Amino acid sequence: MHSHSFTQPLDKQDIQRYSRQLMLESVEEDGQAKLANSHAVVVGLGGLGSLVARYLVGAGVGSITLVDGDTVDISNLQRQVTYNEMHLGELKAKSLYNELRKVNPKLNIKYKSLYVDSNNLPTLISSANCVLDCTDKIDTRKLINAATYRASTPLFIAAASGLSWQALNLPQNSTSGGCYACLVEYINVREDCLSKGVLGPVVGMAACHQATQALLFLAKGFSANIKWGHYLTGKADLGSLKSFTLPSSSTCEVCHDPN
């Protein structure tokens, strides 16, 4: 890694601010410099996205784009920990932006109060080092999967419903394994938490896993010690974790190349 050639050395305040993670072999000074030069896009600012974004800001990811068209509702407060009653009725993207600016005003945080679609996604992710899918609709996830695959942008997905949570890291470079569209073909992916309900901390477990994976990747790139293409399911009540490798589907319209 030649990160030192294009970045400022850490100043005294940075060393204090990031002291706990600078001690980690998976970050160190090189990794911290890479985080500072990274751009992460967080799509969906509910229970997953609001927490994921807080951890990315805390860790010093230099540029973060927050994307969601929704407003804060009283039913959100049970699991969307970055919001409070002061935010009710406000745009989530703007509220979250204002809260995160209080954590570290030096970072380049931007917000877009909009819902993603096939037209705006390519522009939104064009300079991203990774995308974090924190949405809760299968159709939206499919759009994000297709756009990141076309752009070869690594994608980190998480979800939660009931007392279980799921996660998937996708390199989106077609070297091996499937994509989110393959997953939907293989298993009956459940729709959002509206139909089933969800416990607040279970969403937090998914968000913490997702943020961890993205940060390790942004600090060390593909040499980071994380698993790609494994569909992970956690059961919060039993404290159990299962995973299976996601193969590419031979009929997938996104990632299968018949040639």
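Everything numeric here is computed off the predicted structure, so don't read it as measured data.

## Things to note about the side chain of Ser249
As for its position among the elements, Ser249 is in the segment after strand S8 (240–245). Residue class for Ser249 comes out buried when judged on its relative accessible area of 4%. If sequence neighbours within four positions are ignored, Ser249 has contacts with Cys182, Glu185, Tyr186 and His256.

## Considerations on the pairing of strand S4 (residues 130–133)
Residues Cys130 and Leu132 line one face of S4 and the alternating positions Val131 and Asp133 line the opposite face, and both faces are buried. When strand S1 (residues 39–43) meets S4, the two strands line up parallel, connected through four bridges. Opposite Val42, over in S4, you have Leu132 as the bridge partner. Taken together, the three bridges between S4 and strand S5 (residues 155–161) define a ladder with parallel strand orientation. Bridge pairing in S5 links Asp133 to Ile157. Handedness of the S4-helix H7 (residues 138–151)-S5 crossover: right-handed.

## Things to note about the packing of aromatic side chains
Tallied over the full model, the rule gives seven aromatic pairs. Taken together, a centroid distance of 5.5 Å and an interplanar angle of 55 degrees make the contact between Tyr231 and Phe244 tilted. Remark: Phe244 occurs in strand S8 and Tyr231 occurs in strand S7 (residues 230–235); sequence separation between them is 13 residues. You can call Phe244 partly exposed: its relative accessible area is 35%.

## Structural notes on the packing of helix H4 (residues 47–59) against helix H10 (residues 200–220)
Their axes nearest at 8 Å, the elements H4 and H10 cross at an angle of 40 degrees. Considering the angle they form, H4 stands oblique to H10. Our pair here, H4 against H10, has a crossing hand that is right-handed. Contacts from Gly47, Leu48, Leu51, Val52, Tyr55, Leu56 and Ala59 of H4 reach H10 at Val203, Gly204, Ala206, Ala207, Cys208, Gln210, Ala211 and Leu215. Residue classes in the contact of H4 with H10 are distributed as 12 nonpolar, three polar and no charged.

## Re the pairing of S7
Successive side chains on a regular strand alternate, one facing one side of the sheet and the next facing the other. Summarising the sheet, strand S6 (residues 164–170) and S7 pair through four bridges and their orientation is antiparallel. Across the sheet, the residue bridging to Ala167 is Leu232, located in S7. Examined bridge by bridge, S7 and S8 share six bridges and lie antiparallel to one another. Within the sheet, the bridge partner assigned to Tyr231 lies in S8 and is Phe244. Adjacent in sequence and paired antiparallel, S7 and S8 are bridged by four residues, among which Gly239 carries a positive phi angle near 65 degrees.

## A word on the sheet that holds strand S2 (residues 63–67)
In sheet architecture, strand pairing relies on hydrogen bonds along the backbone and comes in two forms, parallel and antiparallel. Here we have eight strands laid out as an open sheet, ordered S3-S2-S1-S4-S5-S6-S7-S8, and mixed in their pairing. Sheet topology places strand S3 (108–112) and S8 at the edges, where each strand pairs with a single neighbour. Geometrically, the sheet is characterised by an average inter-axis angle of 15 degrees between neighbouring strands, direction not taken into account. In terms of strand pairing, S2 meets S3 through five bridges, oriented parallel. For Ser63, the partnering residue across the bridge sits in S3 and is Asn108. Those strands touched by helix H5 (residues 92–103) are S2 and S3, and its axis lies near 165 degrees from that of S3. The sheet strands contacting H10 are S1, S4, S5, S6 and S7, and the helix crosses S5 at an angle near 170 degrees.

What counts and how
- Residues numbered from 1 in each chain as written.
- Predicted model: local features only at pLDDT ≥ 70, side-chain atom pairs only at ≥ 80, totals over all residues.
- Heavy atoms only, no water.
- Helix = DSSP H or I, 4+ residues; strand = E, 2+ residues; numbered from the N terminus.
- Buried < 20%, exposed > 50% of the residue type's maximum accessible area, 1.4 Å probe, protein only.
- Contact = heavy atoms within 4.5 Å.
- Pairing = 2+ DSSP bridges.
- Right-handed = clockwise from strand over helix to strand, strands pointing away.
- Phe/Tyr/Trp six-rings, centres within 6.5 Å; stacked < 30°, edge-to-face > 60°.
- Axes fitted to C-alpha atoms, helices over the stretch in contact; angles between N-to-C directions.
- Parallel < 35°, antiparallel > 145°, perpendicular 65-115°, else oblique.
- Left-handed = near helix turned anticlockwise from the far one by under 90°.
- Nonpolar A, V, L, I, M, F, W, Y, C, P; charged D, E, K, R; others polar.

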